[in-house]
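Structural overview
What follows is the residue order along each chain.
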Amino acid sequence: MAQNALELIETMKDIPAMPTVIVKALGIIKNDQSGTKELGEIMAYDQALASQVLKLVNSAYYGFAQEITSVNKALALLGMNQTRNIIIAVAMKPMLTSQGGRDLWKHALTAGVACEHIARETEAADPGDAFTIGFLHDIGKIILNIFDTMTYQKVKLDVQNGADIIEAEEEAFGTNHADIGFQLAKKWKLSVLLANCIKYHHDPLSSSMPKVSCLTHIGDQLAQDTPEIPEIDPEILENFGISMETLNGYRDEILEKTNQLFMSLKA
Ligand SMILES: [Fe+2]
Ligand SMILES: [Fe+2]
């Protein structure tokens, strides 16, 4: 079955639409004053979203001493970037959990937190952007699963048994989740940076934006559900300017933060 990502996505009738709230949240200009105001407006129209955000703000993940009962207070405390991240995570949850199950949802959160953490520590990217990039890096998997669920389940099994994911997908679909994710990112009109990081997260040195693509790759590896971080190509580590030792030092904190986030986002 030889086809490329674009052909596959064009033959699909039901490509999931990007949740409207995310379109709005990503479209907000990064200006603290007007941005915060706009996010407040998004939540004013979406009570379910507002209540989820409040629940999360009051969770152990943030650890504020007082209970926060209004969206405006939450926005003031969290700032625009953090609030935008929460909105994106909350709005994507139904799609991620219905198509990829709990694993993909948890992996997305972990990679988001990991990329944000590394970006903050290394100043390689804006931490808020880094969260979104890490959180969305595997969205192509959703499409492959919708396109042919039975086949994708088989691919997942092969990967659990040690197959390389890109190779297994190529063999089954003639394309892979990184290329599909890139096509979806274009359809969703995500930023060039985001689309590029999605496309190259398994091969970041081929990207025209290698630094942030390497960040995505490293965050993805940190987020693997394995006792140790899987080995990362030394060239990638060198390109990004980080050591395995430093990454190992970050991991516990990242996993703990993700767990708190995961618990607070439970239904
Ligand atoms: Fe991936
Ligand atoms: Fe991944």
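Above: the structure in question.
Residues numbered from 1 in each chain as written. Chains lettered and ligands numbered in written order. Predicted model: local features only at pLDDT ≥ 70, side-chain atom pairs only at ≥ 80, totals over all residues.

A word on unusual backbone geometry. Despite not being glycine, E123 has its phi angle at roughly 55 degrees, a positive value. Assignment of secondary structure puts E123 in the loop between α5 (71–122) and α6 (127–136). Despite not being glycine, K189 has its phi angle at roughly 60 degrees, a positive value. Here K189 lies in the loop between α10 (177–187) and α11 (192–199). (Helix = DSSP H or I, 4+ residues; strand = E, 2+ residues; numbered from the N terminus.)

Two elements in contact, α10 and α11, have axes whose closest approach is 7 Å; the angle formed by their N-to-C orientations is 165 degrees. Considered as vectors, α10 and α11 are oriented roughly antiparallel to each other. The two elements α10 and α11 cross, and the hand of that crossing is right-handed. Between α10 and α11, the residues in contact are A178, D179, G181, F182, A185 and K186 and L194, A195, I198 and K199, respectively. Its residues assigned to classes, the contact of α10 with α11 shows six nonpolar, one polar and three charged. (Axes fitted to C-alpha atoms, helices over the stretch in contact; angles between N-to-C directions. Parallel < 35°, antiparallel > 145°, perpendicular 65-115°, else oblique. Left-handed = near helix turned anticlockwise from the far one by under 90°. Contact = placed C-beta atoms within 7 Å. Nonpolar A, V, L, I, M, F, W, Y, C, P; charged D, E, K, R; others polar.)

Let us now look at the environment of D252. Here D252 lies in helix α14 (residues 244–264). The exposure class assigned to D252 is exposed, which follows from the 9 C-beta atoms found within 10 Å. (Buried ≥ 20, exposed ≤ 12 C-beta atoms within 10 Å, placed from the backbone.)

What follows deals with the nonpolar core. Of all hydrophobic cores here, the largest spans 71 residues; its most connected members are V53, I87, C115, I198 and L215. Ranked by residue count, the leading element in this core is α5, at 23 residues. Apart from residues no more than four positions distant in its own chain, I87 is found in contact with V21, A25, L39, I42, L49 and V53. (Core = buried A, V, L, I, M, F, W, Y, C linked by C-beta atoms within 7 Å.)

This paragraph deals with α14. When the terminal C-alpha atoms of α14 are compared, their 30 Å separation across 21 residues agrees well with the 30 Å that a helix rising 1.5 Å per residue should span. Remark: the principal bend of α14, roughly 35 degrees, maps to R251. Along α14, the positions that sit buried rather than exposed are L247, I254, T258 and L261. Buried residues belonging to α14 abut α5 and α12 (210–222). (Expected span 1.5 Å × (residues − 1). Bend = angle between axes of the 7 residues up to and from the residue.)

Here the focus is the environment of I165. Mapped onto the elements of the fold, I165 is located in helix α9 (residues 165–173). C-beta crowding within 10 Å serves as the criterion here: with 17 such atoms nearby, I165 is assigned to the partly exposed category.

Below, the discussion takes up the environment of L157. For L157, the location among the structural elements is in helix α8 (residues 149–160). Spatially, the C-alpha atoms of L157 and P16 are 24 Å apart, while their sequence positions differ by 141 residues.

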